[in-house]
Amino acid sequence: MKEKDLDLKKNLNEDVFEMIRRYEEAGKTKEEFLEDLNVIYQEFLKQNKNNEF
């Protein structure tokens, strides 16, 4: 992996852990977070069928 890719991955991991922490603070489970994240991701894929991300 390129250094830039590693930085992006590290930042994404930190963001995901922060979002999980916020879900837990709101009384939700990691499973609920993952379900919501999957819905968001599926919508993202629908909107970006022809675009690379």
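Not measured: the values here are computed from a predicted model.

The rules we used
Residues numbered from 1 in each chain as written. Predicted model: local features only at pLDDT ≥ 70, side-chain atom pairs only at ≥ 80, totals over all residues. Heavy atoms only, no water. Patch = residues over 30% accessible without salt bridge, like charges linked within 9 Å, V, L, I, M, F, W, Y side chains within 5 Å. Areas by Shrake-Rupley, 256 points an atom, 1.4 Å probe, with all protein chains shown as cover. Salt bridge = Lys/Arg side-chain N within 4 Å of Asp/Glu carboxyl O. Lys, Arg positive; Asp, Glu negative; His and termini not counted. Charge placed at Lys NZ, Arg CZ, Asp CG, Glu CD. Helix = DSSP H or I, 4+ residues; strand = E, 2+ residues; numbered from the N terminus. Buried < 20%, exposed > 50% of the residue type's maximum accessible area, 1.4 Å probe, protein only. Phe/Tyr/Trp six-rings, centres within 6.5 Å; stacked < 30°, edge-to-face > 60°. Axes fitted to C-alpha atoms, helices over the stretch in contact; angles between N-to-C directions. Parallel < 35°, antiparallel > 145°, perpendicular 65-115°, else oblique. Left-handed = near helix turned anticlockwise from the far one by under 90°. Contact = heavy atoms within 4.5 Å.

Visitor: Can you walk me through a negative patch on the surface in this structure?
Guide: Residues Glu31, Glu32, Glu35 and Asp36 make up a contiguous surface patch of negative charge. One can find Asp36 in helix α2 (residues 30-47).

Visitor: Honestly, the environment of Leu12 in this entry has me stumped. Any pointers?
Guide: Counting through the fold element by element, Leu12 comes out in helix α1 (residues 3-25). Residue class for Leu12 comes out exposed when judged on its relative accessible area of 52%. Here the alpha-carbon distance between Leu12 and Phe44, two residues 32 residues apart in the chain, equals 16 Å.

Visitor: Sorry, what's going on with the packing of aromatic side chains here?
Guide: The way to describe two aromatic rings as a pair is by their centre distance and the angle between their planes. Considering all chains together, one arrives at one aromatic pair under this definition. Ring geometry for Tyr23 versus Phe33: centroids 5.2 Å apart, planes at 75°, classification edge-to-face. A residue pair is termed long-range when its members are at least 10 positions apart, and Tyr23 in helix α1 and Phe33 in helix α2 qualify at 10 residues.

Visitor: Would you take a moment to explain the packing of α1 against α2 for this structure?
Guide: The N-to-C vectors of α1 and α2 enclose an angle of 125°; their axes lie 9 Å apart at closest approach. On the basis of their axis angle, the class for α1 and α2 is oblique. Here the hand of the crossing between α1 and α2 comes out right-handed. Contacts between α1 and α2 involve Val16, Met19, Ile20, Tyr23 and Glu24 from the former and Lys30, Glu32, Phe33 and Asp36 from the latter.

Visitor: Explain the pattern of salt bridges here, please?
Guide: Should their charged atoms come close, side chains of opposite charge can pair. Under the defined criterion, the tally for this structure stands at four salt bridges. Across the salt bridge formed by Glu14 and Lys10, the nearest N and O atoms sit 3.9 Å from each other. Here the residue Glu14 and the residue Lys10 both occupy positions in helix α1, the gap between them amounting to four residues, near one helical turn. The partly exposed category is assigned to Glu14, whose relative accessible area is 44%. With a closest N to O distance of 2.4 Å, Glu18 and Arg21 form a salt bridge. A residue pair is termed a helical-turn pair when its members lie 3 or 4 positions apart in one helix, as Glu18 and Arg21 do in helix α1 at three residues. On the basis of relative accessibility, which here comes to 29%, the residue Glu18 falls in the partly exposed class. On the basis of relative accessible area, Arg21 is assigned to the partly exposed category, the value being 36%. A single salt-bridge network, built from bridges that share partners, covers Glu18, Arg21, Arg22 and Glu25.

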